[in-house]
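Listed below, chain by chain, are the residues.
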Amino acid sequence: MSFLVFSEDRELAFQLLGKARELADKMGSEVAALAAGSDPMEYVSQGADKVYTVSGLGGFNVEPYGAAVVEAVKAANPSTVFMGATKRGKELAPRVASSLGVGCMNDCSGVELEEGKIVVERLTYGGSTVAKETSTSTPTVISFPPRCFEKLEPVERTGEVVELELDLPEPRVKVVESREKPKSTADLESASIIVSAGRGFKAKEDLRLLEEIAEILDAQIGCTRPISADLGWMDQWVGISGKKVKPSLYVACGVSGTIQHVAGIRDSQIIVSINSDERASIHGISDYSLVGDIYEVLPALTKALRERA
Ligand SMILES: Cc1cc2nc3c(=O)[nH]c(=O)nc-3n(C[C@H](O)[C@H](O)[C@H](O)COP(=O)(O)OP(=O)(O)OC[C@H]3O[C@@H](n4cnc5c(N)ncnc54)[C@H](O)[C@@H]3O)c2cc1C
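If you're wondering where the values come from, they're calculated on a predicted model, not measured in any experiment.

Draft legend 1. Seen up close, the overall build of the protein chain. Assigned secondary structure in the protein chain consists of ten helices and 15 strands. Relative to a compact globule of 309 residues, whose C-alpha radius of gyration would be 19 Å, the protein chain shows 21 Å and is just as compact. Taking the principal axes of the C-alpha coordinates as reference, the protein chain spans close to 60 × 50 × 35 Å. When each of the 309 residues of the protein chain is scored for burial, the buried share is 41%.

Spelled out as structure tokens, the structure:
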């Protein structure tokens, strides 16, 4: 059983390498990686035995990147391909699997060896159930979002670097403009503290209550889907169809705690809920529940935190 790891997101690639290394060591097997535009020796220090490089990949485009991953799979001949389930990776992984004619398990949350087989965990039924799945094809393509696994401490190791030669296909999409996302919502997946707004907020201007407390806590601001997709107050949301987050502290303000939202926050270390309805299901999954009106609780909390600071 051997592994090939690829993500266009370098940090995520290292996290996947950490897990692949752990599993490979249990099986006495090898880990290869495809490095896209980064120093291949970094991948070696993060656990890869062999690193493939492809020149001319440039910025992300699914056709050339897909061709490069397929070529790396052919060269490495792994039994399992770990890919990053970023927005781009979730598009790339099924394409790679389809080109190879093999199975794909996208957006998994965990993986272990069971009786010599790779078994993954995935959230199903809107996040209410964790399914264990295994594949009947070899290789199998499996993708994981950021922060499912820890990257290893880099160590000095020896590894082989192999340049792959291939004619990259022309991308069929032309990027006409790129714009950076606003900082406040750009880093939810890697944020260590998140304060989040639900429909308990009555007007967009009221989000300043959240901004004030976020500033003191050095937190990122998240929200539920209706706040983003229906009301358009923010550009992305937390949950099964949005960002899956893993902060040390998640403060849900005026959030009811439906299963679709909870699926995205269940890996938070500490969840605090502020909701005026004592029967709101968010209280049931919180470590600390405040039954109260966000319009009273948030200013009071902000004041108390300011005084302590
Ligand atoms: C296929 C699908 C995918 C979905 N994916 C997601 C997803 O990824 N993420 C997501 O968030 N949702 C998702 N949803 C929507 C989800 O089902 C819920 O509708 C949504 O999460 C509810 O958002 P909310 O908690 O902001 O609003 P509500 O459910 O309306 O809850 C508002 C809460 O605020 C409380 N409240 C009201 N006023 C105050 C006050 N002044 N002070 C304190 N508390 C107050 C209320 O008691 C209530 O509990 C999805 C739905 C579907 C069908």
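Draft legend 2. Geometry of the packing of helix α3 (residues 62-76) against helix α4 (residues 87-100). Following both chains from N to C, one finds α3 and α4 inclined at 50°, their axes separated by 9 Å at the closest point. Taken together, the axis directions place α3 and α4 in an arrangement best described as oblique. In the crossing of α3 with α4, the sense of the turn from one axis to the other is right-handed. Of the residues in α4, those in contact with V62, Y65, G66, V69, V70 and V73 of α3 are E91, L92, R95, V96, S99 and L100. Of the residues contributing to the contact of α3 with α4, the split by class is eight nonpolar, two polar and two charged.

Draft legend 3. Representation of the domain arrangement of the protein chain. Domain annotation of the protein chain identifies domain 1 (3-164) and domain 2 (183-308). For domain 1 versus domain 2, the distance between C-alpha centres works out to 32 Å. Contacts between domain 1 and domain 2 engage seven residues on the former and nine residues on the latter. Its residues assigned to classes, the side of domain 1 that touches domain 2 comprises three nonpolar, three polar and one charged.

Draft legend 4. Broad picture of the site of the ligand. The ligand sits among 28 residues. The nearest are G198, G200, T224, G239 and S256. Every element with two or more residues in the shell around the ligand is listed here: α7 (225-230), α8 (259-262), β14 (270-275) and α10 (294-308). For the shell around the ligand, the element with the highest residue contribution is α7, accounting for three residues. Its residues assigned to classes, the shell around the ligand comprises ten nonpolar, 14 polar and four charged.

Draft legend 5. Summary view of the sheet that holds strand β4 (residues 80-84). Pairing is parallel in the open sheet, where seven strands are placed in the order β5-β9-β4-β1-β2-β3-β10. The outermost strands of the open sheet, each flanked by one partner alone, are β5 (104-105) and β10 (160-164). Pairing of β5 with strand β9 (residues 140-144), which is carried by two bridges, proceeds in the parallel orientation. Counted as the bridge partner of C104 is V141 from β9. The strands touched by helix α1 (residues 10-27) within the sheet are β1 (3-6), β2 (31-35), β4 and β9, with β1 carrying the most contacts at an inclination of about 170°.

Draft legend 6. Structural detail: the sheet that holds strand β7 (residues 117-124). If you walk across this open sheet you meet the three strands as β6-β7-β8, and the pairing is antiparallel. The outermost strands of the open sheet, each flanked by one partner alone, are β6 (110-114) and β8 (129-133). With direction set aside, neighbouring strand axes in the sheet form an average angle of 30°. The sheet contact formed by β6 and β7 spans five bridges and is antiparallel. Bridge pairing in β7 links V111 to V120.

Draft legend 7. Looking closely at the environment of A48. Relative to the assigned elements, A48 resides in the loop between α2 (40-45) and β3 (50-54). With 150 residues separating them in the primary sequence, A48 and G198 have C-alpha atoms 43 Å apart. For A48, the contacting residues outside a window of four places in its chain are L17, V31, A32, A33, Y43 and G159.

Draft legend 8. Structural view of helix α6 (residues 208-217). Among the residues of α6, L209, L210, I213 and A214 are the ones counted as buried. Looking down the long axis of α6, one finds its buried residues gathered within 130° of arc, a one-sided arrangement. On its buried side, α6 packs onto β11 (193-197), β12 (220-223), β13 (249-253) and α10. One or two positions beyond α6, positive phi appears at D218, with a value near 55°.

Quick notes on the rules
Residues numbered from 1 in each chain as written. Predicted model: local features only at pLDDT ≥ 70, side-chain atom pairs only at ≥ 80, totals over all residues. Helix = DSSP H or I, 4+ residues; strand = E, 2+ residues; numbered from the N terminus. Rg over C-alpha atoms; globule rule 2.2 N^0.38 Å. Buried ≥ 20, exposed ≤ 12 C-beta atoms within 10 Å, placed from the backbone. Axes fitted to C-alpha atoms, helices over the stretch in contact; angles between N-to-C directions. Parallel < 35°, antiparallel > 145°, perpendicular 65-115°, else oblique. Left-handed = near helix turned anticlockwise from the far one by under 90°. Contact = placed C-beta atoms within 7 Å. Nonpolar A, V, L, I, M, F, W, Y, C, P; charged D, E, K, R; others polar. Domains from an automatic or database assignment. Near = placed C-beta within 6 Å. Pairing = 2+ DSSP bridges. Arc of directions from axis to C-beta.

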